[in-house]
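Listed below are the residues making up each chain.
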Amino acid sequence: MSMQWQWAKLEALGATDVHAMYQLRQNVFILEQTCLYPDIDELDEKAWHLLGWQGGQLTAYARLLAPGIKYAEPAMGRVLISMQARGQQLGRKLVDEALTYSETTFSTTAMRISAQLHLAAFYESFGFEREGEAYDEDGIPHIEMYRR
């Protein structure tokens, strides 16, 4: 099944799309990972949202922040694939889409992320490098990573 990508600012998304976005983020980051934290934050209003749809179902998501909002460089976060859609290499396609959009939109290949530590090797395959020591973020080990 092919993936349909949708890029939008929060105010341009319809109510049904916003609901699907928050429901998927809640399912993965709060329920599946049993992590209580404020997923909906002020950065949502400043972000570009990447929604990946398969057969009318939201199965992939990431958000992109312009340089200067979270870091000096563009930032990518809230990267996820729904549990039902895993194992199809959609994570690679999602990150590829986000990096391409970021490079086109912000005219730089640089990007900074806060990655869950167990995914560091995945991000290294896209050219990200670990920076500093691992740290706890909401009970999950993370590492800051930078792509030049």
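If you're wondering where the values come from, they're calculated on a predicted model, not measured in any experiment.

Trainee: What exactly am I supposed to notice about the nonpolar core here?
Mentor: When a protein is soluble and globular, its nonpolar side chains tend to lie buried together. Ranked by size, the top nonpolar core spans 24 residues in total, and within it Met76, Met111, Ile113, Tyr123, Phe128 and Met145 carry the most contacts. Of all the secondary structure elements, the ones that give two or more residues to this core are β3 (57–65), β4 (75–81), α2 (90–106), β5 (111–116), α3 (120–124) and β7 (140–147). No other element matches the 6 residues that α2 contributes to this core. The residues touching Phe128, leaving out its near neighbours within four places in the chain, are Met76, Leu99, Met111, Ile113, Tyr123, Met145, Tyr146 and Arg147. By size, the runner-up hydrophobic cluster in this structure holds 18 residues, among which are Leu10, Tyr22, Leu80 and Ile140.

Trainee: Looking at this structure, I do not really get the pattern of salt bridges. What am I missing?
Mentor: As a working rule, side chains carrying opposite charge can pair if their charged atoms are close by. Evaluated as defined, the whole model comprises 13 salt bridges. Put simply, Arg112 and Glu131 hold a salt bridge, and the shortest N to O gap is 2.5 Å. One end of the pair, Arg112, is in strand β5; the other, Glu131, is in strand β6 (residues 128–137), and 19 residues separate them in sequence. Given the relative accessible area of 11%, Arg112 is considered buried. With relative accessibility at 27%, the residue Glu131 sits in the partly exposed group. Between Arg112 and Glu144 there is a salt bridge, with its nearest N and O atoms 2.8 Å apart. Residue Arg112 is located in strand β5, and its partner Glu144 is located in strand β7; the two are separated by 32 residues in the primary sequence. Taken together, the shared-partner salt bridges connect Arg25, Asp39, Asp41, Asp44, Arg63 and Arg78 into one network.

Trainee: Whenever I open this one, the side chain of Arg147 confuses me. Can you help?
Mentor: Examined against the element boundaries, Arg147 turns out to sit in strand β7. In terms of polar contacts, Arg147 uses its side chain to reach the backbone carbonyl oxygen of Phe126, at 2.9 Å. Those residues in contact with Arg147 that sit more than four places away from it in its chain are Leu99, Glu103, Thr109, Ala110, Met111, Phe126, Gly127 and Phe128.

Trainee: Explain the environment of Met145 to me, please; I cannot follow it from the model alone.
Mentor: Structurally, Met145 can be placed in strand β7. Judged by relative accessible area, Met145 falls into the buried class, the value being 0%. Taking the C-alpha atoms as reference points, Met145 and Ile113, 32 residues apart in sequence, are found 5.3 Å from one another. Here Met145 is in contact with Met111, Arg112, Ile113, Ala115, Ala120, Tyr123, Glu124, Phe128, Glu129, Arg130 and Glu131, once residues within four sequence places are set aside.

Reading the values: the criteria
Residues numbered from 1 in each chain as written. Predicted model: local features only at pLDDT ≥ 70, side-chain atom pairs only at ≥ 80, totals over all residues. Heavy atoms only, no water. Core = buried A, V, L, I, M, F, W, Y, C linked by side-chain atoms within 4.5 Å. Buried < 20%, exposed > 50% of the residue type's maximum accessible area, 1.4 Å probe, protein only. Helix = DSSP H or I, 4+ residues; strand = E, 2+ residues; numbered from the N terminus. Contact = heavy atoms within 4.5 Å. Salt bridge = Lys/Arg side-chain N within 4 Å of Asp/Glu carboxyl O. Polar contact = N/O pair within 3.5 Å; in protein donor to acceptor, adjacent residues only side chain to side chain.

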